[in-house]
Amino acid sequence: MKKPIIYVTRKIPDEILVPYQDSLDFRMWEEEDIPVPRDVLLEEVKEADGVLCLLTEKMDRELFENAPQLRVVANMAVGYDNIDLEAAQERNVIVTNTPDVLTETTADLAFSLLTATSRRIVEANDYIREGKWNHWSPYLMAGSDIHGKKVGIVGMGRIGESIARRAEGFGMPIMYHNRSRKPSAENDLGATYMDFDELLREADFVVSVIPLTTETRKLFNKDAFQKMKTSAIFINVSRGGVVDEKALYHALNENTIHAAGLDVFEEEPIDANHPLVKLNNVVCLPHIGSASVETRTKMLHLCMDNLLASFNGEGPITPVKNS
Ligand SMILES: O=CC(=O)O
């Protein structure tokens, strides 16, 4: 029987593909570390039965209309705001994502940003590199404590709960806001549910782990930053689109809030000229939440397993619910 054609939108290691080659016929964008151009993608999907894509690919209505054979889209990310689920559903295309395998790694990164911003790690490292350390003094690079401070987690999904577990270890009272209450987090971690505004007012660290949807777009706006404490630190490891970046810039520049740790941006990639990069009280990362070698490898394997299981009739392992 003819093997399903799978278009892989980024160069991935051969050893990931090899175990699946008996069952799937791979075509791949071969240029290392460069996203596939849109016109190439539109051409390639014309024949594809499946696509393994990254969050850099916009899987929109136009693309689905161009892909008559397409049955499965395996997104190498837990977030899937790059995919038009309605258009996929209308054409009975299965969409899968990569939950669970990246939960702990992303929570590690969120916590790294929390410590980096509060204890001024990047700024202090730059201080030495720039030859500024001439003597020790009592308040040299003094930051703010983590232990005993209240963490406010916005979006208490799997990653949110993992961040909460780390916060518990640091002796931080945990508050959260979510669409629905999470009895497990309340009972096991002592997390307190709060409405959004109350959380903003109470938290010392506001951590965004909320997916980007029409409801959450620019949720963290001028109004939200004004409600936070002037000592508050804002951490974002979800999507840049949940933040009004201009409002965040002003909030940081005018000391409405104290600092920010950002792994994601409204338009990615950003460069050294981005206004937020120029602020000393911001730590910026290039969207590396799940970027450990172990986890990125697991994510690719999960994409492959989803494709294989969908085509061999077993059904996808981690389908996105309403696709
Ligand atoms: O941002 C990364 C992901 O959604 O997995």
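Residues numbered from 1 in each chain as written. Predicted model: local features only at pLDDT ≥ 70, side-chain atom pairs only at ≥ 80, totals over all residues. Heavy atoms only, no water.

As recorded by an unreviewed UniProt entry, the chain carries the name Glyoxylate reductase and is attributed to Virgibacillus subterraneus. For the record of the chain, the UniProt heading Sequence similarities (unreviewed entry) holds the text "Belongs to the D-isomer specific 2-hydroxyacid dehydrogenase family." (UniProt positions renumbered as here; feature names shortened; annotations may be inferred.)

## Remarks on the UniProt feature "domain: D-isomer specific 2-hydroxyacid dehydrogenase catalytic" (unreviewed entry) in the chain
The UniProt record marks residues 7-320 with the feature "domain: D-isomer specific 2-hydroxyacid dehydrogenase catalytic" (unreviewed entry), using the residue numbering of this structure. With 34% helix and 13% strand, residues 7-320 has end C-alpha atoms that lie 20 Å from one another. (Helix = DSSP H or I, 4+ residues; strand = E, 2+ residues; numbered from the N terminus.)

## Section: the side chain of S310
Summarising the element assignment, S310 is placed in helix α12 (residues 293-311). Residue S310 is classed as buried on the basis of its relative accessible area of 15%. A distance of 2.6 Å separates the side chain of S310 from the backbone oxygen of N306, its partner in a polar contact. (Buried < 20%, exposed > 50% of the residue type's maximum accessible area, 1.4 Å probe, protein only. Polar contact = N/O pair within 3.5 Å; in protein donor to acceptor, adjacent residues only side chain to side chain.)

## Section: the site of the ligand
Lining the immediate surroundings of the ligand are L55, A77, V78, G79, L102, R239 and H287. One of the side-chain nitrogen or oxygen atoms of H287 is found 2.6 Å away from an oxygen atom of the ligand. The residue inventory of the shell around the ligand, partitioned by class, reads 4 nonpolar, 2 polar and 1 charged. (Near = heavy atom within 4 Å. Nonpolar A, V, L, I, M, F, W, Y, C, P; charged D, E, K, R; others polar.)

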